[in-house]
Structures are given as C-alpha cells and as structure tokens.
Amino acid sequence: MTAHSNIYPTKALQEIDAAHHWHPFSDMKSLNEEGSRIVTSADGVWISDSDGKKILDGMAGLWCVQVGHGRKEIADAVNRQMNELAYYNTFFKTTHPPAIALSEKLAKLAPDHINTVFYCSSGSEANDTVFRMVRTYWDKMGKPDKKVIIGRWNGYHGSTLAGTSLGGMKAMHAQGDLPVSGVHHIDQPYWFGEGQDMSPEEFGVLAARKLEEAIDEIGEDKIAAFIAEPIQGAGGVIIPPATYWPEMRRILEERDILFVSDEVICGFGRLGEWFGSTHFGVKPDLMPIAKGLTSGYLPMGGVLVSDRVAEGLMNSGDDFNHGYTYSGHPVCAAAALANLEIIEREGLVDRVKNDIGPYLQERWLGLGDHPLVGEARMTGLMGALELVPDKTDLKKTFPDTGTVGTICRDISFQNSMVMRAVRDSMIISPPLVLSHEEADFLVESAEKTLNDTYQTLKKDGWLE
C-alpha cells in the first residue's frame, strides 16, 4: 500500500497498523484490541475517517492546526521550496533564504526584547535546547553554580529526557527514573483541583509565592531558571487565577533568574495574542515554540531568545555545542512563513481576541450549568470542562480517575466532535478559523456528549 491510498477496508488498515505501528502515549495491547481510528483526509476544521465519518477537530490536531486543514497556500509553498532547495543544514557557516526570512519574521512578531531564534524540530527539542541554554548562559556569566531549573507539577514540556524532567507529569517520571538531577517542581495554579478552600484570588497569590519559597529554600545563587506554560495545556487547560501571573511578574522581576515561557501551545494566536506571555503581561527570557509555528503542516520548533541571553552566549567567543540535523530546515521554514502569512492576512490573532474567542467562550461557559460539569473555563480558544459526580460537592471526584473522561471522549467522537480527556476533564483547542456556525456545532455536540455520558454513567452505576 502507499502512504496516501485508502483502498483497504478499515479493518484491514487497523490490522496493519496494529502489526507495525507503535503509537505515542498508548496502551498498545488495549488499542490493538479496539482498533485505531483511521483519519484519511481533512479540510478546514473537519477531519474524515476511513468509514467516511466527518468529525469536527476540536483539538486542532494536537493544539497546532491554527489555520485549519487543507490550506493550499502552505502546500504550494512547500512544493516550491522542495523543487528549489529540499534540504541543507545550517552548520559549517551556512544558511539559506527560508531560515533567514523566517528568523526576521519571528523577530518582528516577538516582544521587542527578543530578536534571535534557535531552530529545532519540535517543542520537546525546544525544551531540551532551553535546558542546555540556560545552564550554559550562567556558566558564561561567571555563575556556574546556577544550575537548578524550577518547573511545576502537572506542567508539560515534552517527552524527551530533559523535557520530561522539566515537566511535572509523575506518570512520565515513573518511566525512566526521572527527573534528572537539578530540576525542582512547585505546585501548579489549579484552583478547581487544589484550591477550593479559598477564593481564586487568594489561591492565585499563594500558588505564585510557591516560586518565591522555592527560591529562598534552594538559594537564588543556585537557580538558573523558572519554566512555565502561560496556560497548562496537556495538564488539563489549567487557567491560572487572575492574581497569579501579576504576582509571578513581581517575583521574577525581583530575582536574578531566567524566565522561560513555554509557548509551544499558547503561541501564535491561541490566546488572542501572538504569544501567551503577552496575554498575561510577563516578560520572558526564552520562549520555546512549535505547533502553531507551521500549523502542524511540517514539524518545526525553536527557541526565541532574548537579547540578554543571546548576547551573553554569542559574545563569549565559544561555540554553543548544540544543534540538530534539521535545525532551520528550508522546507519547514517555507511552511512556517506561509502559515504566518495566513495568520496575519486573515487577522486570526485579533479574531480570537475580539470575535470567535468571546463568541465561543460565552457558549462554552454555559455548559457549566450541566449536572455533570463542576466548572467550565476558557481563555482564547483553550477550554475545559471538569466532570464531577455531585455538583453540591465539587471536591468529590469519580473513582478510578480518568475512566469517566475516557467514556466521555469516546462518546464525543461518536457525536462527531473531537474532545480530549485529561483525567476527568474534557478539553478543547479548535483551529483559529472556526466559524460561528462551527462553534455552535461544537457546543451543541459537547452538550449532547454530556447528556449521553450522564445517561451512560447512570445506567452503569457511576451516578446515583
């Protein structure tokens, strides 16, 4: 069979997949018994499977397809670049026009104090780069003891050795004896899950001050950086209380540590600004990027580097001994340039801030009235629903955490809409080109899914 053929029936494709394909983050024994969903085509905000079912892509692929599927402009740009220069590296005093043009474009889009980019192929690689970059920076500054990087429990920064360590996913740490030494984690700003004993405003300040406490405990002279997503994505769309980032800004401005804003999910318009750190008014020293950089059309990532860090590393007179075969890949850079041009031309960032964002938010938050939903939340085009067994006691959770979420996720697919389950939270992150009519379908499908899930849980004894 060829990569783009669909001449086999679904069952045959599933059998071939089960025989040879190891999926990410999957229980392969269970998946192979059930059979994978075979996605065969996509257009706009819709994907289609091998049985001809159309499904609204409520997760924009994996947080990344900002401009929607099937954009001919990106395919044409990739084709032109393939025919001109399909590949060359950026080692050995060499570069090429796509990398140069993309670097200039990113410098224009980034905050004023950021004018340099280091390329890689993914968000995970970007955070591996961050790990080495911040430690090397302090070495060059004559402060070699500044090695510790502070992350947050339930944060996600990729699945490589360094990325997994920087993140706070305990299930990931359990595989591979992680995290590596020199990484410290503090509590996350998850009010619904961890702070209901106080107001969101009080909890936001308390959660931010966990960083201050860690700095004092470890010693500022030992700490290289603090890394955080503006909104935790894979952790369950954890939107911090309004007091959190202002207090974080105060702490970061007072301390001599670098701040890394992981923009892999929140960047490129997802929150109604080009970058999530801008939305929350914080000033990062480094920004890992990926996903929305190319809208997922080709794999590409990078680290946007502040003038402070770039000058400290570049003016040292030594090599920064780090890089990848595909750093600044010309075809990926061409895809990124075409993607960014679409985002600019169609005003998608402003659209999330002033049009489709507020429209979907209003309707999504209305789902909080459902008897199965303890909290509905959304910022920009990132939203979550907390599923609970009892709305009169929001601290009460379902037994066997994650099972109810998985039930709801599978029902959502049956109802022609992709929602992802994280624990027993349902999360969405649709393409930025979502229309009002498609937003209506999304919310109506989510409501039907909640109703169907509620009835299933009652029938199976999960609810009284």
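Each remark here, short or long, concerns the structure printed above.
Calculation rules
Residues numbered from 1 in each chain as written. Predicted model: local features only at pLDDT ≥ 70, side-chain atom pairs only at ≥ 80, totals over all residues. Heavy atoms only, no water. Helix = DSSP H or I, 4+ residues; strand = E, 2+ residues; numbered from the N terminus. Rg over C-alpha atoms; globule rule 2.2 N^0.38 Å. Buried < 20%, exposed > 50% of the residue type's maximum accessible area, 1.4 Å probe, protein only. Contact = heavy atoms within 4.5 Å. Areas by Shrake-Rupley, 256 points an atom, 1.4 Å probe, with all protein chains shown as cover. Lys, Arg positive; Asp, Glu negative; His and termini not counted. Charge placed at Lys NZ, Arg CZ, Asp CG, Glu CD. Axes fitted to C-alpha atoms, helices over the stretch in contact; angles between N-to-C directions. Parallel < 35°, antiparallel > 145°, perpendicular 65-115°, else oblique. Left-handed = near helix turned anticlockwise from the far one by under 90°. Nonpolar A, V, L, I, M, F, W, Y, C, P; charged D, E, K, R; others polar. Pairing = 2+ DSSP bridges. Phe/Tyr/Trp six-rings, centres within 6.5 Å; stacked < 30°, edge-to-face > 60°. Lys NZ or Arg CZ within 6 Å of the ring centre and 35° of its normal. Expected span 1.5 Å × (residues − 1). Patch = residues over 30% accessible without salt bridge, like charges linked within 9 Å, V, L, I, M, F, W, Y side chains within 5 Å. Salt bridge = Lys/Arg side-chain N within 4 Å of Asp/Glu carboxyl O. Polar contact = N/O pair within 3.5 Å; in protein donor to acceptor, adjacent residues only side chain to side chain.

Draft legend 1. Broad picture of the overall build of the protein. Across its full length, the protein carries 18 helices and 14 strands. Taken against the 2.2 N^0.38 rule, which gives 23 Å for 464 residues, the C-alpha radius of gyration of the protein at 22 Å falls within 12% of a compact globule. C-alpha atoms of the protein, sized along the principal axes, occupy 70 × 60 × 45 Å. Residues counted as buried form 55% of the 464 residues belonging to the protein. Within the protein, contacts between residues separated by at least 24 positions form 71% of all contacts whose residues are at least 6 apart in sequence. Summed over its atoms, the accessible surface of the protein is roughly 20,300 Å², and 51% of this surface lies on carbon and sulfur atoms. Charge separation in the protein, taken as the distance between the mean sites of 43 positive and 65 negative side-chain charges, equals 1 Å.

Draft legend 2. Summary view of the packing of helix α4 (residues 72–84) against helix α14 (residues 330–345). Look at α4 against α14: their axes get within 8 Å of each other, and the N-to-C directions meet at 150 degrees. Considering their axes alone, α4 and α14 lie roughly antiparallel with respect to each other. Handedness of the crossing formed by α4 with α14: right-handed. The residues of α14 that touch α4, namely those facing Glu73, Ile74, Ala77, Val78, Gln81 and Met82, are Pro330, Val331, Ala334, Ala335, Ala338, Asn339, Ile342 and Arg345. Here the contact of α4 with α14 is composed, by residue class, of ten nonpolar, two polar and two charged.

Draft legend 3. Spotlight on the sheet that holds strand β13 (residues 420–422). Taken in spatial order, the four strands make up an open sheet running β11-β12-β14-β13, and their pairing is antiparallel. Only two strands of the sheet have a single neighbouring strand rather than two, namely β11 (373–379) and β13. Put simply, the sheet's adjacent strands are angled 20 degrees from each other on average, direction ignored. One ladder, built from six bridges, connects β11 with strand β12 (residues 382–387); its direction is antiparallel. Residue Arg377 lies in a different strand from β12, and its bridge partner there is Ala384.

Draft legend 4. Quick look at the sheet that holds strand β2 (residues 46–49). In spatial order, the strands read β1-β2-β3; together these three strands make up an open sheet with antiparallel pairing. On the outer flanks of this sheet lie β1 (39–43) and β3 (54–56), each paired with one strand and no other. Along the sheet, successive strands turn relative to each other by an average axial angle of 30 degrees, direction set aside.

Draft legend 5. Highlighting the environment of Met133. Inspection of the secondary structure puts Met133 in helix α6 (residues 123–140). For the pair Met133 and Asn321, spaced 188 residues apart in the sequence, the C-alpha separation amounts to 9.8 Å. Apart from the residues within four sequence positions on either side, Met133 is in contact with Phe118, Leu286, Val303, Val305, Val309, Leu313 and Phe320.

Draft legend 6. Fine view of the packing of aromatic side chains. One pass over the full model with this rule turns up twelve aromatic pairs. For the ring pair Tyr244 and Trp245, a centre distance of 5.2 Å and an interplane angle of 80 degrees mean the geometry is edge-to-face. Of the two residues, Tyr244 and Trp245, neither departs from the other in class, the shared state being buried. Grouped by ring-pair contacts, the aromatic residues Phe226, Tyr244, Trp245, Phe259 and Phe280 constitute a single cluster. Across the ring face of Trp46, the terminal group of Lys54 is positioned such that the distance to the ring centre comes to 5.1 Å.

Draft legend 7. Highlighting helix α18 (residues 436–459). Between its first and last C-alpha, α18 extends 35 Å over 24 residues, near the 34 Å set by a 1.5 Å rise per residue. Restricting attention to buried positions, one finds in α18 the residues Glu438, Ala439, Asp440, Leu442, Val443, Ser445, Ala446, Thr449, Leu450, Thr453 and Leu457. Backbone geometry just after α18 places Gly461 at a positive phi near 85 degrees.

Draft legend 8. Structural detail: a nonpolar patch on the surface. A cluster of nonpolar side chains, Ile7, Tyr8 and Ile16, forms an exposed patch at the surface whose accessible area comes to about 290 Å². Relative to the elements of secondary structure, Tyr8 occurs in the segment before α1 (10–20).

Draft legend 9. Region of interest: the side chain of Asp285. Take Asp285: it is sitting in the loop between α12 (276–280) and β9 (286–289). The class for Asp285 is buried, based on a relative accessible area of 11%. Those residues in contact with Asp285 that sit more than four places away from it in its chain are Ile257, Leu258, Phe259, Leu304, Val305, Ser306, Arg308 and Val309.

Draft legend 10. Structural view of a negative patch on the surface. Together, Asp187, Glu194, Glu213 and Glu217 give the surface a local cluster of negative charge. For Glu194, the location among the structural elements is in helix α9 (residues 191–194).

Draft legend 11. Highlighting unusual backbone geometry. In this structure, Pro179 follows Leu178 across a cis peptide bond, with omega equal to 5 degrees. Structurally, the position occupied by Pro179 is in the loop between α8 (170–173) and β6 (183–186). One non-glycine residue, Arg423, adopts positive backbone phi at about 55 degrees. Within the element layout of this structure, Arg423 appears in the loop between β13 and β14 (425–428). Judged by its relative accessible area of 30%, Arg423 falls in the partly exposed class.

Draft legend 12. Structural context of helix α17 (residues 403–414). For α17, which comprises twelve residues, the first-to-last C-alpha distance of 17 Å matches the rise-based estimate of 16 Å (1.5 Å per residue) to within 8%. Residues of α17 that are buried: Val404, Gly405, Cys408, Ile411, Ser412 and Phe413. A positive phi of about 70 degrees marks Ser416, the residue just after α17.

Draft legend 13. Region of the structure containing the side chain of Ser165. With respect to the helices and strands, the residue Ser165 is situated in helix α7 (residues 161–166). Only 2.8 Å separates the side chain of Ser165 from the backbone oxygen of Leu161, close enough to count as a polar contact. In contact with Ser165, not counting residues within four places along its chain, are His173, Leu178, Pro179, Val180, Val183 and His185.

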